[in-house]
Amino acid sequence: MISSLRATQQCCFSLRRQARVSQRRHLSSASSIETNPLELQKSGRFSRLSSFWLVTGGITPTEREDGHAKLVRAGYLRQSHAGIFHMLPLGQRVLEKLEKLIDKHMAQLGASKLSLSSISSQALWQQTNRLEGYGQELFRFNDRKDTPFILAPTFEEEITTLVAKTVKSYKSLPLRLYQISRKYRDEFRPRHGILRSREFVMKDLYTFDHSLQSALKTYEEARAAYNRLFSELKLPFLVAEASSGDIGGDLSHEYHLPSSMGEDNVISCTSCSYVANEELATSRPDPPQDGSYANSIKANNGTTVQVWRGISKDRNTLVNVWYPASFADADINTHALKSILPDLDSSLEHVLPLWESTLNSSKSSVSGQRPQLLNIIDYRLGPQFADNLENEPGQFSILPHESSVELSQLNQRYISSTDGEPFNAIRIHDGDHCPRCTSGKLRVQKAIELGHTFHLGTKYSDALDAHVQVPSAMIEDLDVVPNQSSPSMTTVSMQMGCHGIGVSRIIGAVADHLADERGLNWPRVIAPFEVVVIPGRNTEEDAATISGSLTQSSGTFPPIDLVLDDRAESFPWKLKDADLVGYPVIVILGRRWSSDRVCEVQCRRLGSVQFVPLDQLQEHINKLLAQL
């Protein structure tokens, strides 16, 4: 035992001497923690919290503290205005590591990095008909010449214009360009910190191809890159089939992280690979109980059948949705309804007064348009009920009794199926049948969207004249007409793709997903520091020696991104603060170091606490980090 202690002491003495030599060698270039961490690792130097502005302490935790509150209390960020945040040094390190991770995977995809201006012109957005579509969420302003501009919430118009002016030949394609930049959206109600803020950091990859086939190949390559990127975070992300929405295109996927804070519902199968967001998800219907509803309700007295009422945005169409009374209005799937009536305004509850006032307005009488009544029947009510509703409408409360409108005044439509399939008007619930396999059940999870891939097609290239000349022999689209002046060449619109990642949103989502009652937890790849060393009383010099040895490159183990907590705070306070900050691994020089020369190594996320001799310390830490 004595010989073992002597050997350990000699090892520490040797390490101290190497550290002093290293410090003298690098004295002229020694700097604070803002030095490039990779250079610190290569040289064997390490970071010190005494030289780092760590804004922590002084904020009392709340009873139900979420991830965002922990980010604030741990010193990662501070709010400056509603929905706008300052990123503090700890948060900036996480942001920079996340950007480096993205850079690595974009480089593997062959994408070039650029930086577009955050200011875009309103005139450009008018060319793509998106200026008014964004509504009040756009930050708009005029310069001193009264030229209207916006703070860009997205960059499709700017990147398409840039490429249209610089690329004229198919030989320059495929082209893949990306940026990591700040975006702006005037959220009506910013919430959940940096998960939904008015200023945020995003990565946008824009792709340009000369043909649809080439663009679809690019799309799959981008999806593969996203899968590798999110897999490196070692988090249980979900890839869901998705709707493209206002951005355009007809092919898209979303990347979600399950979280109780999520604003999206993601539906997945327990048996197969089916995953879709709520807008696109479907379920395999149960056989309808035909006859039971039709025979028991002639006047829908509310005991077995209910009706939900909606209205179109132009207020000219009233929508009745008929469904079993075992469900409630909150169960109505408005996404499914919009597949029938895209103009549905699902934000209103009391729609009849609006509809009737439109019918009585002079605008309706002058236009000569007959008001519309759309009856949508959920498949669970069965075909017999649908027939009775259409053939004997007087037996049902198609319009409320107090309504002054006569059915004869209306153009009526009845829909009980779409594309030959029974129509499901009810939101998907846990336990519904999977549409892809026969044995699986569907599971509904709250989730946070972290990324989205879109195949845009030619929506923006058509509007902004992003064209290239392609040899006619290469054209795969039979509808494209060759140039009359040069039949051997054909002008085509570039096929585009857009692939986004919410960089600042990932920080907020990961913080919330991995946090526990003691503090934050970070995946190794984006942690502000991989390891913190906390010295006990009278072990400061040994802690510095060990820190230097762990950050030195060796042929066996990679260097560790490490910080030494050498602040003038109490030992218990430092331990509690380390848990709050969420370092993946904590190395403690406590009583066992003084007595037995072993370090206590904690990894809260893995539930690991071990006492490790100095000669095994680097190997043990690297094994822990490899799992995080």
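It should be noted that the structure appears before, not after, this text.
What comes next is a walk through the structure. Throughout, a residue's number is its position along its own chain's written sequence, starting from 1. Thresholds applied to this predicted model are a pLDDT of at least 70 for local features of residues and 80 or more for the giving and counting of side-chain atom pairs; totals over whole chains, interfaces and linings are not thresholded and use all residues. Calculation of side-chain values draws on the structure's entire complement of heavy atoms; hydrogens and water are dropped beforehand.

### Some points on the overall build of the protein chain
Test applied: The numbering of helices and of strands both runs from the N terminus, where a helix is a DSSP run of H or I of at least 4 residues and a strand a run of E of at least 2. Relative accessibility thresholds used throughout: buried, under 20% of the residue-type maximum; exposed, over 50%; partly exposed, between the two (1.4 Å probe, protein chains only). Only heavy atoms matter for contacts: two residues are in contact if any of them lie within 4.5 Å across the pair. Only the protein chains shown count as cover for residues, and all accessible areas are computed by the Shrake-Rupley method using a 1.4 Å probe.
Along its length, the protein chain carries 18 helices and 29 strands. The proportion of buried residues among the 628 residues of the protein chain is 51%. Put simply, of all contacts in the protein chain between residues at least 6 apart along the chain, 70% involve residues at least 24 apart. Working note: accessible area of the protein chain is about 29,900 Å², and carbon and sulfur atoms make up 49% of it.

### Some thoughts on the packing of aromatic side chains
To keep things clear, this is the line we draw: A pair of aromatic rings is counted whenever rings of Phe, Tyr or Trp (Trp by its six-membered ring) have centres within 6.5 Å, and the orientation is called stacked for planes under 30 degrees apart, edge-to-face for over 60 and tilted otherwise.
Within the structure shown, the criterion is met by 11 aromatic pairs. When the centroid spacing of 5.4 Å and the interplanar angle of 45° are considered together, the rings of Tyr76 and Trp522 count as tilted. Separated by 446 residues along the polypeptide, Tyr76 in the loop between helix H3 (67-73) and strand S2 (77-81) and Trp522 in the loop between helix H14 (503-514) and strand S25 (531-535) bring together distant segments of the chain. Each member of the pair, Tyr76 as well as Trp522, is classed as buried. A centroid spacing of 5.5 Å and a plane angle of 80° characterise the contact between Phe385 and Phe396, whose relative ring orientation is edge-to-face. One end of the pair, Phe385, is in helix H12 (residues 382-391); the other, Phe396, is in the loop between H12 and strand S18 (411-415), and 11 residues separate them in sequence. Like Phe385, the residue Phe396 is buried in the burial classification.

### Quick look at the side chain of Thr218
For Thr218, the location among the structural elements is in helix H7 (residues 212-232). By relative accessible area, which is 3% here, Thr218 ends up buried. In this structure, Thr218 is in contact with Arg176, Thr207 and Asp209, ignoring residues within four places of it in sequence.

### So, the packing of helix H4 (residues 89-108) against H14
As a reminder, the rule being used: Lines fitted to the C-alpha atoms define the axes, with helices restricted to the stretch that makes contact. Angles between their N-to-C directions range from 0 to 180 degrees. What makes a crossing left-handed is the near helix being turned counterclockwise from the far one by less than a right angle; a clockwise turn instead makes it right-handed. Throughout, the ten residues Ala, Val, Leu, Ile, Met, Phe, Trp, Tyr, Cys and Pro are labelled nonpolar, Asp, Glu, Lys and Arg are labelled charged, and all others, Gly among them, are labelled polar.
Where H4 meets H14, the closest approach of the two axes is 10 Å, and the angle between their N-to-C directions is 115°. Note that H4 runs across H14; the crossing there is right-handed. Contacts between H4 and H14 involve Val94, Leu95, Leu98, Glu99 and Ile102 on the former and, on the latter, Val503, Ile506 and Ile507. Looking at side-chain class alone, the contact of H4 with H14 contains seven nonpolar, no polar and one charged residues.

### Quick look at the sheet that holds strand S26 (residues 562-564)
Keep this limit in mind: Think of it this way: DSSP has to see at least two bridges between two strands before they count as a pair.
Spatially, the six strands line up as an open sheet ordered S1-S26-S25-S27-S28-S29, and their pairing is mixed. Each edge of the sheet is formed by a strand with only one pairing partner; in this case those strands are strand S1 (47-48) and strand S29 (608-613). Taken strand by strand, helix H15 (residues 540-550) contacts S1, S25, S26, strand S27 (585-589) and strand S28 (598-603), and its axis lies near 170° from that of S26. On the sheet, helix H18 (residues 617-625) packs against S25, S27, S28 and S29 and is oriented at approximately 5° with respect to S28.

### Describing the environment of Ala111
Topologically, Ala111 is positioned in the loop between H4 and strand S4 (112-113). Looking at Ala111, the relative accessible area reads 13%, which means it is buried. Distance from Ala111 to Tyr206, taken between C-alpha atoms, is 8.9 Å for residues 95 residues apart in sequence.

### Examining the state of the cysteines
Which entries qualify depends on this criterion: Two cysteine sulfurs form a disulfide in these notes if their separation is within 2.5 Å.
Across all of its chains, the model carries zero disulfides by this definition. Free of any disulfide, Cys269 has its nearest cysteine sulfur in Cys434, 3.6 Å distant. A relative accessible area of 10% means that Cys269 is categorised as buried.

### Observations regarding the side chain of Lys97
Tracing the sequence through the fold places Lys97 in helix H4. With a relative accessible area of 16%, Lys97 lands in the buried category. Residues within four places of Lys97 in sequence aside, it is in contact with Val525, Ile526, Ala527, Pro528, Phe529 and Asp561.

### Some words on the pattern of salt bridges
For the record, the criterion: The working definition used for a salt bridge is a side-chain nitrogen of Lys or Arg within 4 Å of a carboxyl oxygen of Asp or Glu.
With the rule as written, the count across this model stands at 33 salt bridges. A salt bridge links Glu530 to Arg524, with the nearest nitrogen and oxygen atoms 2.9 Å apart. Take Glu530: its relative accessible area is 10%, and that puts it in the buried class. Each of Glu137, Arg185, Glu187, Arg191, Arg196 and Glu263 takes part in one network of salt bridges that share partners.

### Details of the environment of Val587
Here Val587 lies in strand S27. Sequence separation of Val587 and Ile621 is 34 residues, and the distance between their C-alpha atoms is 8.9 Å. Excluding its chain neighbours within four sequence positions, the residues that come into contact with Val587 are Val531, Val532, Val533, Ile534, Cys599, Glu600, Val601, Leu617 and Ile621.

### A look at the pairing of strand S7 (residues 148-151)
Here strand S5 (residues 119-121) pairs with S7 via three bridges, running antiparallel. Bridging from a neighbouring strand, Ser121 pairs with Phe149 of S7. Two strands pair when backbone bridges link them, and strand S6 (residues 139-142) and S7 are joined in this way by four bridges, in the antiparallel orientation. Directly across from Phe139, in S7, lies its bridge partner Leu151.

### Here's the deal with H15
Summarising burial for H15: nine of the 11 residues are buried, a large majority. Among the residues of H15, those classed as buried are Asp542, Ala543, Ala544, Thr545, Ile546, Ser547, Gly548, Ser549 and Leu550.

### Looking at the nonpolar core
Formally: Throughout, nonpolar core names a set of buried Ala, Val, Leu, Ile, Met, Phe, Trp, Tyr and Cys residues whose side chains join them through atoms within 4.5 Å.
One finds Leu71, Tyr76, Phe230, Trp522 and Tyr583 to be the most contacted residues of the largest nonpolar core, which totals 58 residues. What Leu71 contacts, discounting residues up to four positions off in sequence, is Tyr76, Leu77, Ile194, Ile507, Gly508, Ala511, Leu520 and Trp522. The next biggest cluster of nonpolar side chains, apart from the first, holds 24 residues, and it includes Val531, Leu562, Cys603 and Val612.

### A word on unusual backbone geometry
Residue Pro174 is reached from Leu173 by a cis peptide bond, and omega for that bond is 0°. Looking at the element boundaries, Pro174 is found in the loop between helix H6 (156-166) and strand S8 (175-184). Residues other than glycine seldom take positive phi values, yet Asp465 does so here, at roughly 60°. For Asp465, the position within the fold is in the loop between helix H13 (459-463) and strand S22 (467-471). With phi around 60°, Arg597 is a residue other than glycine that occupies positive phi space.

### Comments concerning H18
Burial within H18 is extensive, with seven of its nine residues counted as buried. Every buried residue of H18 is listed here: Leu617, Gln618, His620, Ile621, Asn622, Leu624 and Leu625. Of the surrounding elements, those touching the buried residues of H18 are S25, H15, S27, S28 and S29.

### Considerations on the packing of H15 against H18
Packing of H15 against H18 leaves a shortest axis separation of 10 Å and a crossing angle of 60°. Read as a crossing pair, H15 and H18 show a hand that is right-handed. In this structure, H15 contributes Ile546, Ser549 and Leu550 to the contact, and H18 contributes Leu617, Gln618 and Ile621. A per-class count over the contact of H15 with H18 returns four nonpolar, two polar and no charged.

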